[in-house]
Amino acid sequence: MLPSIFVRFKTGLVYTALLSTMIIAGCTTLTQQGQPTSQPEDNISAEINRYQAIIDAAHNQPSLDVIRAYIALETYLTGNPITDEAERQKNINETWQLLTHLSPQQLSELVINANEYTLQGWLDLLSTYQSNKQDPNKLRSAIHDWQIRYANNPAARQLPTALQQMEQQPKDGLNTIGLFLPLSGQAKVFGDAIRQGFFDAQKGLPKPIAPVNVTASNGELANPAANDAQANDIAQPKTADTSISEPERLSSENTAAENTDMAAASATAQLSDSSQSPTTDTPVNIQAVKVYDTNSQPLSNLLAQAEQDGVTLVVGPLLKPNVEQLAQVDTPLNILALNELDVPQARPNVCYFSLSPEDEAKNAARHIWQQQKHNPLVLIPRADLGTRVAKAFAEEWQKLGGATVLQQTFATPTEMRQSMNRGTGIRLSGTPIPVNAAVSDAAMIQPNTDAAVITKSTANGPVDAVYIVATANELTIIKPMIDMAISSRKKPALYTNSRSNKSGTGPDFRLEMDGMQFSDIPLLTGVNVPLMQQAAKKFANDYSLMRLYAMGIDAWSLANHFTQIQQDTGFHLNGESGELSVTGNCTVLRQLPWMAFSNGRIVLENRSGEVNAGTNDGKNTESTDGLTHSNDVNNADYSNAVQ
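Note that the coordinates shown come from a computational prediction; the quantities given were computed from them, not determined experimentally.

Rules behind the numbers
Here the residue numbering is sequential within each chain, running from 1 through the sequence in written order. Reporting in this predicted model follows two pLDDT cut-offs: at least 70 for local features of residues, and 80 or more for side-chain atom pairs to be given and counted; totals over whole chains, interfaces and linings ignore these cut-offs and use all residues. Computation of side-chain values covers all heavy atoms of the structure but excludes hydrogens and water. In this description a helix means any DSSP run of H or I spanning at least four residues, a strand means any run of E spanning at least two, and both kinds are numbered starting from the N terminus. When accessible area is computed with a 1.4 Å probe and restricted to protein chains, residues below 20% of their type maximum are described as buried, those above 50% as exposed, and intermediate ones as partly exposed. Only heavy atoms matter for contacts: two residues are in contact if any of them lie within 4.5 Å across the pair. Per-residue and other accessible areas were derived by the Shrake-Rupley procedure at a 1.4 Å probe size, with only the shown protein chains allowed to occlude residues. Only a pair of cysteine sulfur atoms within 2.5 Å qualifies as a disulfide here. Lines fitted to C-alpha atoms define the axes here, with helix axes fitted over just the stretch in contact, and angles between the N-to-C directions of these axes take values from 0 to 180 degrees. We call two directions roughly parallel when the angle between them is under 35 degrees, roughly antiparallel when it is over 145, roughly perpendicular when it lies between 65 and 115, and oblique otherwise. Each crossing gets its handedness from the near helix: less than a right angle anticlockwise from the far helix is left-handed, clockwise is right-handed. Classification convention: Asp, Glu, Lys, Arg as charged; Ala, Val, Leu, Ile, Met, Phe, Trp, Tyr, Cys, Pro as nonpolar; all other residues, Gly among them, as polar. Paired strands are those between which DSSP finds at least two bridges. We call a crossover right-handed when, viewed with the strands running away from us, the connection from the first strand over the helix to the second turns clockwise. Among buried residues, the Ala, Val, Leu, Ile, Met, Phe, Trp, Tyr and Cys ones that are joined through side-chain atoms within 4.5 Å form a nonpolar core. By definition here, a salt bridge exists when the distance from a side-chain nitrogen of Lys or Arg to a carboxyl oxygen of Asp or Glu is within 4 Å. How far a helix is expected to stretch is found by multiplying one less than its residue total by 1.5 Å. Under the rule applied, a polar contact is a pair of N or O atoms within 3.5 Å (in protein, one hydrogen donor and one hydrogen acceptor; residues adjacent in sequence only if both atoms are side-chain atoms). A residue's pLDDT is simply how confident the predictor is in it, with values from 0 to 100.

A few words on the overall build of the chain. When helices and strands are tallied, the chain shows 24 helices and 17 strands. Considering the chain as a whole, with its 643 residues, one finds that 50% of them fall into the buried category. Sequence separation of 24 or more characterises 72% of the internal contacts of the chain that already satisfy a separation of 6 or more. Accessible surface, the chain: about 30,300 Å² in total, of which carbon and sulfur atoms supply 52%.

Another point: the state of the cysteines. A covalent bond between the sulfur atoms of two cysteines is referred to as a disulfide. Per the counting criterion, the structure on display carries one disulfide. Here Cys351 is linked by a disulfide to Cys586, with a sulfur-sulfur distance of 1.8 Å. Every disulfide takes its handedness from the sign of the S-S torsion; for Cys351 and Cys586 that torsion is 70°, giving right-handed. Of this pair, Cys351 sits in strand 5 (residues 350-352) while Cys586 sits in the loop between strand 13 (579-583) and strand 14 (587-591), and the two are 235 residues apart along the sequence.

Closest axis-to-axis distance for the helix 15 (residues 357-370)/helix 16 (residues 384-400) pair is 8 Å, and the angle between their directions is 40°. Compared by their axis directions, helix 15 and helix 16 come out oblique. You can see that helix 15 and helix 16 cross each other, and the crossing is right-handed. Only Leu385, Arg388, Val389, Ala392, Phe393, Glu396, Trp397 and Leu400 of helix 16 make contact with helix 15, whose side of the interface consists of Pro357, Glu358, Ala361, Lys362, Ala364, Ala365, Arg366, Ile368 and Trp369. The residue inventory of the contact of helix 15 with helix 16, partitioned by class, reads twelve nonpolar, no polar and five charged.

Buried residues dominate strand 6 (residues 376-381), accounting for six of its six residues. Burial along strand 6 is two-sided: Pro376, Val378 and Ile380 facing one way and Leu377, Leu379 and Pro381 facing the other are all buried. As defined by bridge partners, strand 6 adjoins strand 7 (residues 406-410) across five bridges and the pair is classed as parallel. Counted as the bridge partner of Val378 is Gln407 from strand 7. On the question of chirality, the crossover connecting strand 6 to the parallel strand 7 by way of helix 16 is right-handed.

Right, let's get into the environment of Ala364. With respect to the helices and strands, Ala364 occurs in helix 15. In sequence terms Ala364 and Tyr495 are 131 residues apart; their C-alpha atoms lie 8.1 Å from each other. Non-local contacts of Ala364, meaning those with residues more than four positions away in its chain, are made with Phe393, Tyr467 and Trp594.

Val315, Leu338 and Leu558 are the most contacted members of the largest nonpolar core, which has 50 residues in total. For this core, the elements supplying multiple residues, two or more each, are strand 1 (176-181), helix 10 (188-203), strand 3 (313-315), helix 21 (529-539), helix 22 (543-560), helix 23 (562-567) and strand 13. Setting aside chain neighbours within four positions, we find Leu558 in contact with Leu336, Phe353, Ile565, Phe571, Leu573, Leu580 and Val588. Judged by nonpolar contacts, the second largest core, of 33 residues, contains Tyr51, Ile71, Leu102 and Leu125.

On to the pattern of salt bridges. Overall, the coordinates contain 15 salt bridges when judged by the stated rule. For Asp192, the salt bridge identified is with Lys188, shortest N-O distance 2.7 Å. With Asp192 and Lys188 both in helix 10 and four residues apart, the pair spans about one turn of that helix. The class for Asp192 is buried, based on a relative accessible area of 2%. One salt bridge connects Asp200 with Lys203, and the closest N-O pair in it is separated by 3.5 Å. With a gap of three residues between them, Asp200 and Lys203 both fall in helix 10, about one helical turn apart.

Right, let's talk about unusual backbone geometry for a bit. Gly316 connects to Pro317 through a cis peptide bond whose omega is 0°. Following the sequence through the fold, Pro317 ends up in the loop between strand 3 and helix 14 (320-326). Located in the positive-phi region is Ala540, a residue other than glycine, with phi close to 50°. Among the secondary structure elements, Ala540 is positioned in the loop between helix 21 and helix 22. Overall, Ala540 belongs to the buried group, its relative accessible area being 16%. Residue Asn541 is not a glycine yet carries a positive backbone phi of 65°. When its relative accessible area of 1% is taken as the criterion, Asn541 is described as buried.

Let's shift gears to helix 16. The end-to-end C-alpha separation of helix 16 is 25 Å, in line with the 24 Å expected for 17 residues at 1.5 Å each. For helix 16, the buried fraction is high: twelve of the 17 residues fall into the buried class. Turning to helix 16, its buried residues number three or more, namely Leu385, Gly386, Val389, Ala390, Ala392, Phe393, Ala394, Glu395, Glu396, Trp397, Gln398 and Leu400. Looking one or two places after helix 16, you find Gly401, whose phi comes out positive at around 115°.

Of the residues examined, Asp200 reaches a relative accessible area of 7% and is grouped as buried. A distance of 3.5 Å separates a polar atom in the side chain of Asp200 from a polar atom in the side chain of Gln534.

This part is about the pairing of strand 9 (residues 465-468). Burial of strand 9 is two-sided: the residues Ala465 and Tyr467 facing one way and the residues Val466 and Ile468 facing the other way are all buried. Two elements, strand 6 and strand 9, share four bridges in a ladder whose sense is parallel. Within the sheet, the bridge partner assigned to Leu379 lies in strand 9 and is Ile468. Both strand 9 and strand 10 (residues 493-496) contribute to a ladder of four bridges, which runs parallel. Paired with Tyr467 across the two strands is Tyr495, which belongs to strand 10.

Let's shift gears to the confidence of the model for the chain. As a note on interpretation, predicted positions should not be read in detail where pLDDT is low. For the chain, the mean per-residue pLDDT works out to 75, and 69% of the residues sit at or above 70. Here residues 440-458 is modelled with pLDDT under 50, and outside its nearest four sequence neighbours on either side it reaches 32 contacts, counting other chains as well.

With that settled, consider helix 4 (residues 85-100). Since one α-helical turn is 3.6 residues long, residues separated by three or four positions face the same way. For helix 4, which comprises 16 residues, the first-to-last C-alpha distance of 23 Å matches the rise-based estimate of 22 Å (1.5 Å per residue) to within 8%. The set of residues buried in helix 4 consists of Arg88, Gln89, Asn91, Ile92, Asn93, Thr95, Trp96, Leu98, Leu99 and Thr100.

Another point: the environment of Ile468. Locating Ile468 in the fold gives a position in strand 9. In this structure Ile468 touches Leu379, Leu475, Ile478, Ile482, Tyr495, Thr496, Asn497 and Met516, once residues within four positions along its chain are discounted.

Quick look at the side chain of Asp520 now. Note on placement: Asp520 falls in the loop between strand 11 (517-519) and helix 21. Exposure remark for Asp520: the relative accessible area of 0% places this residue in the buried category. Within the structure, Asp520 has its side chain in polar contact with the side chain of Arg547 (distance 2.8 Å). In contact with Asp520, other than residues within four places in its own chain, are Ser498, Asn501, Tyr543, Arg547, Leu592, Pro593 and Met595.

Shown next as structure tokens:
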């Protein structure tokens, strides 16, 4: 017995000595190195659930605690032999996505512990990326050096997918773009418009030329006669027939100038005295572009074909059913989808860019909020479009800090005329728009930076703003019906969307709409007259197609900056479809300019947004006189086919 006891005692002394030596030498335990210790299965499961709860509670909002939770989860995924490789990659991708969405202020305030080696490695990778992202070759070299310095970091063994794709790009920086559009079937006309905008942007676009018309110091227009061109009511072409053949469309581009509104010709005459033709912008770079018809075969087959063709970035698809299919397809390709999902999904290789009416409604909510309104009423058609737009407006309004938004539906033009003949107007009342309870709290998590000050509105007074989702024909009935029902001298400010921006309305319409504000894309404001003329000739003044043309132009620019929009929430671009920025889930947000009818003219608001509907004196606006506001718009066609 004694020898046995002595051996056990001696062994214990050896273990104690070894442990003391490790502590003195400053060695760390497995847990400090980011490796899980042996724990009962129940304890491990509880820990995983705890970290996952932290992640879920953050709702994709970046913070140091959430990043630590992802890192902790990684240790369990790495230590578990049955963990799927895709699951580890997903965790790495989500960790990287959160890191890249940390604001500069958050990064400057980060404080980490000395033994958080894994977190330090991630932060150094982020710094490496941000310092070298403009030069792909330098970035490759810097990432390689980082992998050597942090060989034990999970991301060193498996880089985030976004960085893997950047490393796989050709060293000359020229990628092959796959343009996924419907080029056959009923949606062909939409795909053609985007395709033309995309390739025109690649070749180079006309630069804006300073207009002769300027606002004098007294607020009066220096050339008021220029607006007379808009009085010419020219018969407008119908929305393009979806059955038109490609040769016919190409041929029509050469003769469409004959059908262009007289206002476009007037704008040409207003160019500077210099006879020099406008120069064109050189493209960002020349990249190979392969075009794929999304109506020709299943999306999964097209993506596989594009990968075989050497495509590194897909622009498209456009139609919502295809975008929904995209969520079910696993592809390594980077994708700039030209539509959105109803329920956003965060994927490291997919970004979203669309002309959705919901986004326009959110833009209207921000604009009306900035104009110090408190009690808006949303007037919508009795259709799914109206319901979607009203909900988007109300959600954005409450994120800004506003109170409940009211909605009211309007009937068909025939029914409204009958009501007007009976002396019945549209009263400024409605029912509350239902909004998810979590929406109001979202402003506390991620306040909207477009609003100067976010304060909770609790006003329950009379309606002081009306946002009308209507066509021009509907608007000519709705506005008089609102005027009929208002007895007070102080009328609410009226706002409407781009669907109301129609051609051939003439001076009577502009006078009748006096004071009303409306939004539309920059291309249609006439800021760049040569480009607007070019688009008008191509599409015979069909604004619905001209908007898609502008989308194609911006899609080219976004494709050339895909890495930035994918990784950098501070991205900003003055595009032809709006001022573009990036929000969560890599969704491109469009900020639209606003115009107003003022004394029979259309004036463009300045960037401060200080125009007051109904009382505009022209001092804070720029004139768009002489520009073609010709549009036989039928946004329902676009919404039904694309949305």
